[in-house]
Structures are given as structure tokens and as C-alpha cells.
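Now for the letters of each chain:
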Amino acid sequence: MKAVVYRGPRQVAVENVPDPKIERPTDAVIRITSTNICGSDLHMYEGRTDFEQGRVFGHENLGVVMEVGPAVENLKPGDWVCIPFNVSCGHCKNCERGLTNYCLKSNQPGIAGGAFGFADMGPWQGGQAEFLRVPWADFMCLKLPPDAEQKQSDYVMCADIFPTGWHATELACMKPGDAVVIYGAGPVGLMAAHSAMIKGACSVMVVDCHADRLKLAESIGAIAIDYSKEDPVQRIMDLTHGRGADAGCECVGYQCHDHHHHRQERPNLTMNNLVNSVKFTGGIGVVGVFVPQDPGAPDDLAKEGKIALDWGMLWFKGQRVATGQCPVKAYNRQLRDLIHAGRAKPSFIVSHQLKLDQAPDAYQHFDERDHGWTKVILHPGS
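A brief structural summary. (Residues numbered from 1 in each chain as written. Predicted model: local features only at pLDDT ≥ 70, side-chain atom pairs only at ≥ 80, totals over all residues. Heavy atoms only, no water.)

Section: the overall build of the protein chain
So, step 1. A count of helical and extended segments in the protein chain gives 13 helices and 19 strands.
So, step 2. By the compact-globule yardstick of 21 Å for 382 residues, the protein chain fits well, its C-alpha radius of gyration being 20 Å.
So, step 3. In terms of its C-alpha atoms, the protein chain occupies a principal-axis envelope of roughly 60 × 40 × 40 Å.
So, step 4. Out of the 382 residues belonging to the protein chain, those deemed buried represent 58%.
So, step 5. When contacts within the protein chain are restricted to residue pairs at least 6 apart in sequence, those whose partners lie at least 24 apart make up 72%.
So, step 6. Looking at the protein chain as shown, the accessible area adds up to about 15,700 Å², and 52% of this sits on carbon and sulfur atoms.
So, step 7. With 37 positive and 44 negative side-chain charges, the protein chain shows a separation of 5 Å between the mean positions of the two kinds. (Helix = DSSP H or I, 4+ residues; strand = E, 2+ residues; numbered from the N terminus. Rg over C-alpha atoms; globule rule 2.2 N^0.38 Å. Buried < 20%, exposed > 50% of the residue type's maximum accessible area, 1.4 Å probe, protein only. Contact = heavy atoms within 4.5 Å. Areas by Shrake-Rupley, 256 points an atom, 1.4 Å probe, with all protein chains shown as cover. Lys, Arg positive; Asp, Glu negative; His and termini not counted. Charge placed at Lys NZ, Arg CZ, Asp CG, Glu CD.)

Description of the nonpolar core
So, step 1. Ranked by internal contacts, the top residues of the largest apolar core, which has 76 residues, are Phe162, Ile182 and Tyr363.
So, step 2. With 7 residues, the single largest contributor to this core is helix 6 (residues 187–198).
So, step 3. Among all residues touching Phe162, those that are not within four sequence positions of it are Met157, Met191, His194, Ser195, Ile198, Leu335, Ile339, Ala344 and Pro346.
So, step 4. Formed by 21 residues, the second largest nonpolar core is a distinct cluster that contains Ile32, Cys103, Leu132 and Met140. (Core = buried A, V, L, I, M, F, W, Y, C linked by side-chain atoms within 4.5 Å.)

Description of the side chain of His352
So, step 1. Topologically, His352 is positioned in strand 18 (residues 352–355).
So, step 2. Residues contacting His352, with those up to four places away along its chain left out, are Gly372, Trp373, Lys375, Val376 and Ile377.

A short note on the environment of Pro20
So, step 1. Residue placement: Pro20 occurs in the loop between strand 2 (12–16) and strand 3 (28–37).
So, step 2. Spatially, the C-alpha atoms of Pro20 and Tyr6 are 18 Å apart, while their sequence positions differ by 14 residues.
So, step 3. Once you skip the residues sitting within four places of it in the chain, Pro20 turns out to touch Met1, Val29, Phe131, Leu132 and Arg133.

Quick look at the packing of aromatic side chains
So, step 1. What the rule picks out here adds up to 8 aromatic pairs.
So, step 2. Ring centres 5.7 Å apart and planes at 25° place the aromatic pair Phe57 and Tyr363 in the stacked group. Within this pair, whereas Phe57 is found in the loop between helix 1 (39–45) and strand 4 (61–68), its partner Tyr363 is found in helix 13 (residues 359–367), the two being separated by 306 residues in sequence.
So, step 3. For Phe57, a relative accessible area of 0% gives the class buried.
So, step 4. Site record: aromatic cluster; members linked through ring pairs are Tyr6, Tyr45, Phe51, Phe57 and Tyr363.
So, step 5. One residue, Lys329, lies across the ring of Phe139, its end atom 4.3 Å from the ring centre. (Phe/Tyr/Trp six-rings, centres within 6.5 Å; stacked < 30°, edge-to-face > 60°. Lys NZ or Arg CZ within 6 Å of the ring centre and 35° of its normal.)

Brief notes about a nonpolar patch on the surface
So, step 1. Together, Phe280, Leu309, Trp311, Met313, Trp315 and Phe316 line one region of the surface with nonpolar side chains, adding up to about 720 Å² of accessible area.
So, step 2. Take the nonpolar patch: its biggest share by element is 4 residues, from helix 11 (residues 311–316).
So, step 3. Mapped onto the fold, Trp311 is located in helix 11. (Patch = residues over 30% accessible without salt bridge, like charges linked within 9 Å, V, L, I, M, F, W, Y side chains within 5 Å. Salt bridge = Lys/Arg side-chain N within 4 Å of Asp/Glu carboxyl O.)

Considering unusual backbone geometry
So, step 1. You will see that His241, though not glycine, has its phi angle at about 55°, which is positive.
So, step 2. One can find His241 in the loop between helix 8 (232–239) and strand 13 (245–250).
So, step 3. Classification of His241 as exposed rests on a relative accessible area of 67%.
So, step 4. Of note in the backbone geometry, Thr281 takes a positive phi value of approximately 70° without being a glycine.
So, step 5. Within the fold, Thr281 resides in strand 16 (residues 278–286).

Here we look at the state of the cysteines
So, step 1. Under the criterion given, the structure shown has 0 disulfides.
So, step 2. Cys89 carries a free sulfur, and the closest cysteine sulfur to it, the one in Cys103, is 3.8 Å from it.
So, step 3. Among the cysteines around Cys173, which has no disulfide bond, Cys249 carries the closest sulfur, lying 10 Å off. (Disulfide = S-S within 2.5 Å.)

Considering the environment of Asn332
So, step 1. By the element assignment, Asn332 lies in helix 12 (residues 332–340).
So, step 2. Taking the C-alpha atoms as reference points, Asn332 and Leu142, separated by 190 residues in sequence, lie 7.6 Å from one another.
So, step 3. Those residues in contact with Asn332 that lie beyond four places of it in its chain are Pro84, Leu142 and Cys158.

Digging into the environment of Asp27
So, step 1. Here Asp27 lies in the loop between strand 2 and strand 3.
So, step 2. Under the relative-accessibility criterion, Asp27 is labelled buried at 0%.
So, step 3. Residues Asp27 and Glu67, 40 residues apart in the sequence, show an inter-C-alpha distance of 8.6 Å.
So, step 4. When sequence neighbours within four positions are dropped, the list of residues in contact with Asp27 reads Lys21, Ile22, Val68, Gly69, Val72, Arg133, Val134, Pro135, Trp136 and Ala137.
So, step 5. At 2.9 Å, the side chain of Asp27 and the backbone nitrogen of Arg24 are in polar contact.
So, step 6. Side chain to side chain, Asp27 and Arg133 meet in a polar contact 2.6 Å long. (Polar contact = N/O pair within 3.5 Å; in protein donor to acceptor, adjacent residues only side chain to side chain.)

A few points about the packing of helix 5 (residues 161–171) against helix 12
Helix-helix packing is described using two parameters, namely the angle between the two axes and the distance between the axes.
So, step 1. Running from N to C, helix 5 and helix 12 cross one another at 110°; their axes reach a closest spacing of 10 Å. Relative to helix 12, helix 5 is oriented roughly perpendicular. For helix 5 against helix 12, the interelement crossing comes out right-handed. Mapping the contact onto sequence places Phe162, Pro163 and Trp166 in helix 5 and Leu335, Leu338 and Ile339 in helix 12.
So, step 2. Here the residues of the contact of helix 5 with helix 12 are counted per class, giving 6 nonpolar, no polar and no charged. (Axes fitted to C-alpha atoms, helices over the stretch in contact; angles between N-to-C directions. Parallel < 35°, antiparallel > 145°, perpendicular 65-115°, else oblique. Left-handed = near helix turned anticlockwise from the far one by under 90°. Nonpolar A, V, L, I, M, F, W, Y, C, P; charged D, E, K, R; others polar.)

In C-alpha cells, the structure reads:
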């Protein structure tokens, strides 16, 4: 089959790799029809992780069941499914508690949590390919309604970014009527804004410096704040009558930039802005990716996965911070149903729908944040 293979920093190639097959009785093989390029793929694409050369990218996957193992009971060939990015067994201690983001069986002993096509997240091949093997398929696969094929550019967002954006608002303890600030208007930040709107926020403020992304935030009723033109903390304080936002979401991660110094990375910038623009006793949800080591980082602290955090101010303000990858299965059924009912339309962020062969070019544009490249869906086999 054809697949998107990592060949080193800023190099991917579409190559022929062996077709996946049923390896365990609980496996399924899916023919992939939609697979997204994600912002977290870019960390690996840029060579900022230890993702192995020759491995296949892709953790936002949707398609049709081709084949199932003899122990699979709930799926049959022809079913349309969306697959969570988390690889989870369904019966370990964490999965039983709903913490499918920290499955104890999908990674090596001592590390909780697995994912398709992801650095340090287990051996699983990614889905930017014509086919994908899904382990523990009965537990993993989310079956889709009859409109799956026509609405697949919405449903595919249930694999990662829509649940992850929703999770950011949950981690921030957002309630209806809250003023919510979201740092980052990439796909996850825009999904957090969409989620906050659906959940009844009275205002959603989105901070970024890319005009195309801020325009998308405005298109769903959010207030756009361009941090290259104004101090975002001051603007948020002004918009909230000096109190600060009730809830804040970190949707940027460890490669955040200081716009004033030639786009220099400042890994603590977003977290400290959140501490200073969320109210006393407010909640902060952190879904942007941070890593335990980052050898390519700009400063010695960040190389060790540390940041200089405004801890004293955070403590003084009595804020709560919650972090981590999203347990997709905690949300994906509800979000699927919101899409089916027409209450959610996460595809508003999609800028490009391309053939698998166009992936190398798409990675380059998305990585360089070229204007208009907000979200790419690849369609293998098209």
C-alpha cells in the first residue's frame, strides 16, 4: 500500500509499505478514506522528537472496515468508523476508569498511553496510508451514521482535534455563561472555541497572530485577539472588566513564539499569559503538547522539558491547572451525535482536501503556517 513515511527532519515521502494484516483475533483492518495532518505531526516532521525514520504518520483516521479478526463481534466489513488517536485496550485499570489516553497495555511497560503513528506512543503504524490495522477493534472503533461518507470531513475530526478541543474546555472547568480565553487558533484552538460556543460560553476570546486563523475564529462568533498587534493579557482584562477570563485553554504547546523577536520560541510564554489573563480561582486546561525532553529547544531549561512558570502568581490567584492528552472515547460519541444533528460542524476549519500523493507538499505548507493552510485532509485512494 501507499503510505506517508518519515524520512528525517522536514522530509516525508509517499512510499509503498507492506499492507497491514490481522495479527490478533481482536484486530480489524480499515480502508482509510480520510486522514488529517495534525499540528502534533509537525513536531515530529520538524525532527523535534525521536520518531523513527521509515515509520508511517497519521493519527486522525476515518474509513471503512475491510476485514475483522475472529474475536471481533460489533464490526463487520462495510461499516464506516472513526478511530480515536489513542490506542487503548479497554480492560486495563486506566481504560476501565475511562482514561483511554493512559492505557497501560498499548505502550512499553512503565509508560501509559499509546497512539497511532506517534513518537514515544508505542509501535503502532499511522493511518496516512491506504489501510490501517486497528487493535482491540470492538473497543476502539466508533461506528458512524448513514451520512458518514458525505459528512466524513466533519466526522474525521472526532479522531482527535474536536475531542481534544472539547477536553481543553473540560480541563479548564468551563461552565455555561463563562468568559473563555483560548491561546492558539490552530485546529485544536479553533475546536476549543467551537466547543466553548456549543457549551454555552458567554464570550470566547481567541489569541493568535495568523490572520487566516483568527478570521475562522470570528466566523463562529469568537473575539479575535492578534498578539502581534496588541498585548493579549491587557485586551482580555479589558474585555472582562478587569477580572480576567473564567476559564483558559492552552492550545499552542512547547513551540510557542514571541512575535516581537523574529518568531523566537519562548516555551513559557503562553502558560504565563494564561496565569495573568485568567481570573482568581479560574481554571486552565493545557492540551498543547509539552515534552519531557526537547534537545532542539532554544534554552537550557526547555531542553530538559522545563519552563520558568509564574508559579507565585498562579498560587496567589488560586488557579487550577489540568493537563494531558485527551481521552477521545470520553467524548467522541457525543460529538458524533452533535455532528449528525447539525449542532456541530467542525469542518469549518478545513482548507485543503488532497490526494495522499500530495502529502509532502501539504506538510511543507502547513509547517510553514502558509496563509490559508489551516487544516489538511488527505484522501487515500481518491
